[in-house]
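Now for the letters of each chain:
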Amino acid sequence: MIGAFALLPVFATLVQPLVGQPGLNQQKATGDGFEYRLHDTDKISPAEFKARRMKFRESLKPGAAALLVTNPLHQRSNDTDFPFRPNSYFWYLTGCEEQDSALLILKDPVLVNGDLTDEILFVKEKNPSGETWTGILMGVEKAKEILKVQSVQPLKKFNDVLSKISPTAFTLVEQPDGLSGSVKGFIDFVNTNWGKLPKDSAPISALNVARSIKSPAEIDLTWKSIKATVAAHKEALKSCQPGMREFEIKSLVEYIFGKNGCESVAYGSIVGSGVHSCVLHYVDSRKLIEKNDMLCMDVGGEYHGYASDVTRSYPANGKFSPAQREIYEIVREAQEAGVQACKPGAKFNVTGQIAQQVISKGLMKLGIIKSASETGRYFMHGTTHYVGLDVHDTGDYGPLRENQIITVEPGIYIKEGSPCDPKYWNIGVRIEDTVLITANGVINMSGSMLPRSISEIEGLMAQKGLGNFVSRIESLSEQKSVHHFSH
Ligand SMILES: [Mn+2]
């Protein structure tokens, strides 16, 4: 971070007139009423975070230490920043959602300010005048009360505390790029002081596996995320019609996420029409949706940190053309076969192998390919990843285990100019659900609520949705779309 606090005097001067309250920045912030408050009652409990830390500590070698840092704030432009989102490893062990924080976990307890402790959380101190601009902080006392980490210390004590510890080995869990501000200071300090110690990555591997096995509370939050995502998909299916822009569908979806309590999208929403249905991670969303377009919509909300990842593909005009239908049915069959193959003990890539077979056979039957070896031209991605605090969550990619949450997402993408009948060009179809591995098999979390069959999708699209009741401002409606591709 360039330093929100360093910039504050300038920022205050620049922004003050816009705020429209003369003298606001001259007011003395007393901190009265600036007590940190929780507004949600369904977050993971401090006891669960504590149990996670205890389990993580077991993976440390005798005398070892592990430092986990969260993300810094990333500058967007001038004095605006990207929305802050905690580092998932750090969040998983602390529940702490404040930037510039760090967690030190020790195998063996040490004395800190007279208290014996094996876990120390470093957080920002209360600073009412700063908080007036950037939000109310927990501060040391409240952080201890809310998060129940044994020892909570102010950031400024970091070097002091760490100077007194001499671990035998060292694990650093950090965000790989873009480090700045306090977080960079922490890492520089430990690299300078502990850099010659043996580095141990085994605790990170253990943490990766732990994160992949979801607790009941984590499954609960994932259900909330999925319900919001399913609601968004349904609203988009009902609202979509030719003449809209991709961004209308995208913003509608993101509104429904927020309406249902999601703090964020779990990843950049993908709403690709026509040629863009064949772009796997399409994000521009400016194109006009045209009547013969296929849409591939891969969107998921994030609720209290937990992602969902769901894709539906549908015709812009609400009725599948024969060619769209042919491609869709192959993907549909591949996806359902993949979901059914999920159970504890199955290979991680079982869904991929099955999808590959179904799609090869289907494309050959339509004459789009001549041999299975050509399948990769139209189906070029994996079908499964873990889902959790990250949409592509951590895990060991070993056999599937009970309480893992994964996706099943085969697809077929036929770009314009492909060596096949042009009636298939610009058809991109992906069907993706987020599923839970259970003791006996699988629960298709999103698929249990969001239709996949052609008749059900056409049925939903025949209805009106929220997006049909909010009109765009005139000037925008008149914009002409640039037709890069037509047929
Ligand atoms: Mn996915």
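Residues numbered from 1 in each chain as written. Predicted model: local features only at pLDDT ≥ 70, side-chain atom pairs only at ≥ 80, totals over all residues.

Trainee: When you look at the overall build of the protein in this model, what are you seeing that I'm missing?
Mentor: Tallying secondary structure elements over the protein gives 14 helices and 18 strands in all. Sorting the 487 residues of the protein into buried and exposed places 41% on the buried side. For the protein, long-range pairs separated by at least 24 residues make up 73% of all intrachain contacts whose partners lie at least 6 apart in sequence. (Helix = DSSP H or I, 4+ residues; strand = E, 2+ residues; numbered from the N terminus. Buried ≥ 20, exposed ≤ 12 C-beta atoms within 10 Å, placed from the backbone. Contact = placed C-beta atoms within 7 Å.)

Trainee: When you look at the sheet that holds strand β18 (residues 442-444) in this model, what are you seeing that I'm missing?
Mentor: Sheet strands pair by backbone hydrogen bonding; their relative direction is either parallel or antiparallel. Taken in spatial order, the three strands make up an open sheet running β14-β17-β18, and their pairing is antiparallel. Pairing within the sheet leaves two strands with one partner each, and these edge strands are β14 (405-408) and β18. Each neighbouring strand pair of the sheet contributes to a mean axis angle of 35°, computed without reference to strand direction. Note: strand β17 (residues 433-437) against β18, three bridges, orientation antiparallel. Its bridge partner being in β18, Leu 436 is matched across the sheet by Ile 443. (Pairing = 2+ DSSP bridges. Axes fitted to C-alpha atoms, helices over the stretch in contact; angles between N-to-C directions.)

Trainee: Would you take a moment to explain the sheet that holds strand β1 (residues 65-69) for this structure?
Mentor: Across the sheet, five strands lie side by side as β6-β5-β4-β1-β7; this open sheet has mixed pairing. The open sheet has two edge strands with one neighbour each: β6 (151-154) and β7 (170-173). Each neighbouring strand pair of the sheet contributes to a mean axis angle of 25°, computed without reference to strand direction. Judged from the four bridges that link them, β1 and β7 form a sheet pairing that is parallel. Counterpart to Ala 65 in the pairing with β7 is Phe 170. This element, helix α5 (residues 139-147), spans β5 (115-123) and β6 of the sheet and lies at about 155° to β6. Contacting β1, β4 (102-112) and β7, helix α7 (residues 181-194) crosses the sheet at an angle of about 160° to β1.

Trainee: Would you explain the nonpolar core in this entry?
Mentor: General note: in soluble globular proteins, nonpolar side chains tend to be found buried as a group. The biggest cluster of nonpolar side chains holds 113 residues, and the ones touching the most others in it are Leu 67, Leu 68, Ala 102, Leu 121, Leu 295, Ile 412 and Val 429. Counting residues per element, this core draws most heavily on helix α9 (residues 216-239), at seven residues. Viewed by domain, this core spans two of them, domain 1 (4-16 + 34-210) and domain 2 (214-477), each represented by three or more residues. (Core = buried A, V, L, I, M, F, W, Y, C linked by C-beta atoms within 7 Å. Domains from an automatic or database assignment.)

Trainee: Sorry if this is basic, but what is going on with helix α12 (residues 350-365) here?
Mentor: Side chains three or four residues apart in an α-helix point the same way, a direct result of the helix having 3.6 residues per turn. Here α12 spans 23 Å end to end across 16 residues, near enough to the 22 Å set by a 1.5 Å rise per residue. At its buried positions, α12 is contacted by α11 (322-340), β14 and β15 (411-414). Positive phi appears at Gly 367, one or two residues downstream of α12, with a value of about 75°. (Expected span 1.5 Å × (residues − 1).)

Trainee: Just checking my understanding: could you explain the pairing of strand β10 (residues 294-299) for this structure?
Mentor: Looking along a regular strand, one sees the side chains alternate between the two faces of the sheet. The element β10 is largely enclosed, with a buried count of six among its six residues. What you see with β10 is no split at all: Met 294, Cys 296 and Asp 298 on one side and Leu 295, Met 297 and Val 299 on the other are buried throughout.

Trainee: When you look at the environment of Ile 431 in this model, what are you seeing that I'm missing?
Mentor: By the element assignment, Ile 431 lies in the loop between β16 (427-430) and β17. Once the C-alpha coordinates of Ile 431 and Glu 409 are considered, the two residues, 22 residues apart in sequence, prove to be 5.5 Å apart. Contacts of Ile 431, omitting those with residues within four sequence positions, involve Thr 311, Arg 312, Ser 313, Val 331, Arg 332, Gln 335, Pro 410 and Arg 452.

Trainee: Just to check I follow, could you spell out the packing of α9 against helix α10 (residues 246-259) for this structure?
Mentor: Packed helices, taken two at a time, are described by their axes: the angle between them and the distance between them. It is the contact of α9 with α10, at a shortest axis distance of 8 Å, that shows an interaxial angle of 145°. In this structure, the crossing between α9 and α10 has a hand that is right-handed. For the pair α9 and α10, contact is made by Ala 228, Ala 231, Ala 232, Glu 235, Ala 236 and Ser 239 and by Ile 249, Leu 252, Val 253, Ile 256 and Phe 257, respectively. (Left-handed = near helix turned anticlockwise from the far one by under 90°.)

Trainee: Any chance you could explain unusual backbone geometry here in plain terms?
Mentor: A negative phi angle characterises most non-glycine residues, just as the trans form characterises most peptide bonds. Phi angles above zero are rare outside glycine, and Ser 285 is one such case at about 60°. With respect to the element layout, Ser 285 can be found in the loop between β9 (270-273) and β10. Judged by C-beta crowding, with 19 C-beta atoms within 10 Å, Ser 285 ranks as partly exposed.

Trainee: How should I be thinking about the pairing of β17 in this particular structure?
Mentor: Of all five residues that make up β17, five are buried, and the element is covered over most of its length. Every second residue of β17 is oriented toward a common face, with Asp 433, Val 435 and Ile 437 on one face and Thr 434 and Leu 436 on the other, all of them buried. When β14 meets β17, the two strands line up antiparallel, connected through four bridges. Residue pairing across strands places Ile 405 opposite Leu 436, the latter belonging to β17. What sits between β17 and β18 in their antiparallel hairpin is a turn of four residues.

Trainee: I would appreciate a short explanation of the confidence of the model for the protein in the present structure.
Mentor: Fine structural detail should not be taken from predicted coordinates in areas where pLDDT scores are low. Confidence in the prediction for the protein averages 90 pLDDT; 90% of positions are at 70 or higher. Throughout residues 1-31 the model reports pLDDT below 50, and contacts reaching past four residues in sequence, or to other chains, amount to 25 contacts. Contacts from residues 483-487, a stretch scored under 50 in pLDDT, to residues over four places away or in other chains number seven contacts. (pLDDT = per-residue confidence, 0-100.)

Trainee: What is the right way to read the environment of Asp 433 from this model?
Mentor: Tracing the backbone shows Asp 433 in strand β17. Judged by C-beta crowding, with 28 C-beta atoms within 10 Å, Asp 433 ranks as buried. Placed 15 residues apart in sequence, Asp 433 and Ser 448 show a C-alpha to C-alpha distance of 9.3 Å. Not counting residues up to four positions away in its chain, the partners in contact with Asp 433 are Val 310, Val 339, Thr 407, Val 408, Asn 444, Ser 446 and Gly 447.

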